[in-house]
Amino acid sequence: QVQLVESGGGLVQAGGSLRLSCAGSGRTFGRYGMGWFRQAPGKEREFVAAIRRSGGYTYYADSVKGRFTISRDDAKSTVYLQMNSLKPEDTAVYYCAARGAYCSGYDCYNRREEYDYWGQGTQVTVSS
C-alpha cells in the first residue's frame, strides 16, 4: 500500500509555470506506475499525464502535450508534474495516483479505474 500527498499548487497568471510534487510513502514506490489527473468544478476527473514504473516512458493528454512534463525520482519516492505555459482552462484540483500492476499500454494509464491509490489533491488556479 502507498499513501500519496500532493503539493505545489497555487495561483498563477496565464503563461506562468508551476511544479507539482506527489510524495509517496513506503519503500516500494518504484514498483508503481504513476499518473496525474485533474478535476475542474462541475466536470469529470480527467487524465493529464502518466509515467511507467521504470520511468522510461510517459503518456500525456493532448491538451497538455508540449506544455507539461511528468518525471519521477524513486530515491525520493516522488513524482513531479512541471506545468508551463499555463492557461485558465488548466484550473482544477490536481490529483496523483498510483497503479500497482505493470502495463505498457496507454489505456492502462489514462483511465481512473486503472489506479489503486489516490492523493487528496492540490488546487491549481490560473488567472487570465
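Here goes a summary of the coordinates provided. The shown structure was predicted, so the numbers you read here are calculated from the model rather than taken from an experiment.

1. Description of the state of the cysteines
Within the structure shown, the criterion is met by 2 disulfides. Each sulfur in the disulfide pair Cys22 and Cys96 lies 1.9 Å from the other. In this structure the cystine formed by Cys22 and Cys96 twists about its S-S bond by roughly 45 degrees; its chirality is therefore right-handed. With Cys22 in strand S3 (residues 18-24) and Cys96 in strand S9 (residues 92-99), this residue pair connects regions lying 74 residues apart in the sequence. In this pair, the class of Cys22 matches that of Cys96, namely buried. If you count the bonded cysteines of the protein from the N-terminus, they pair up as 1-2, 3-4.

The rules behind each value
Residues numbered from 1 in each chain as written. Predicted model: local features only at pLDDT ≥ 70, side-chain atom pairs only at ≥ 80, totals over all residues. Heavy atoms only, no water. Disulfide = S-S within 2.5 Å. Helix = DSSP H or I, 4+ residues; strand = E, 2+ residues; numbered from the N terminus. Buried < 20%, exposed > 50% of the residue type's maximum accessible area, 1.4 Å probe, protein only.

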